[in-house]
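Structure at a glance
Single-letter residue listing:
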Amino acid sequence: QVQLVESGGGLVQPGGSLRLSCAASGSIFSINTMGWYRQAPGKQRELVATITSDYSTIYADSVKGRFTISKDNAANTVRLQMNSLEPEDTAVYYCNADVRRYPWSPYSLVWGQGTQVTVSS
């Protein structure tokens, strides 16, 4: 069993910052890509940012220049530094990880439970 646990969400004023963390635990042989997605009320879940095991990154256009994704491979942790937050960033943020549990296992996608981020004055 592999679990992803997110933390760091909350309420912040427009222009403020938050840092989200996501730690993977359980039976893990290796992790390839980790990422952050978000889902606002009434909208589909969308990509925010991803980072591969060799630290290549992809960002949604809406967060480029404001959000930074980082990863600690040794700790199986991914973080999302969010600056200059806007009300449009309000959503539940989910992390995911492409995990191989054993050397002989295929990679499988695991999701966290989500953390609420609310940007409001």
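Our structure's up above, just so we're on the same page.
Notes on the structure in this doc start here. (Residues numbered from 1 in each chain as written. Predicted model: local features only at pLDDT ≥ 70, side-chain atom pairs only at ≥ 80, totals over all residues. Heavy atoms only, no water.)

1. What to know about the overall build of the protein chain
The secondary structure content of the protein chain amounts to zero helices and 11 strands. When the helices and strands of the protein chain are read in sequence order from the N terminus, they spell out β-β-β-β-β-β-β-β-β-β-β. Its C-alpha atoms give the protein chain a radius of gyration of 14 Å, near enough to 14 Å, the size a compact globule of 121 residues would have. In terms of overall dimensions, the protein chain has a C-alpha envelope of 50 × 25 × 25 Å along the principal axes. Across the 121 residues that make up the protein chain, the buried fraction comes to 40%. For the protein chain, contacts bridging at least 24 residues in sequence account for 56% of all contacts bridging at least 6. Accessible area for the protein chain stands at about 6,300 Å²; split by element, carbon and sulfur atoms hold 48% of it. (Helix = DSSP H or I, 4+ residues; strand = E, 2+ residues; numbered from the N terminus. Rg over C-alpha atoms; globule rule 2.2 N^0.38 Å. Buried < 20%, exposed > 50% of the residue type's maximum accessible area, 1.4 Å probe, protein only. Contact = heavy atoms within 4.5 Å. Areas by Shrake-Rupley, 256 points an atom, 1.4 Å probe, with all protein chains shown as cover.)

2. Side note on the pairing of strand 3 (residues 18-26)
Pairing geometry for strand 1 (residues 2-7) and strand 3, over six bridges, is antiparallel. Note on strand 3: the bridge partner recorded for Val 5 is Ala 23. When strand 3 meets strand 8 (residues 77-82), the two strands line up antiparallel, connected through six bridges. In the sheet register, Ser 21 faces strand 8, and the bridge partner there is Arg 79. (Pairing = 2+ DSSP bridges.)

3. Here's the deal with the environment of Asn 73
Here Asn 73 is to be found in the loop between strand 7 (67-72) and strand 8. Classification of Asn 73 as partly exposed rests on a relative accessible area of 28%. Excluding anything up to four places from it in sequence, Asn 73 contacts Ser 53 and Tyr 55. Of the polar contacts made by the side chain of Asn 73, one reaches the side chain of Tyr 55; its length is 3.1 Å. (Polar contact = N/O pair within 3.5 Å; in protein donor to acceptor, adjacent residues only side chain to side chain.)

Distances and angles like these do not, on their own, reveal function.
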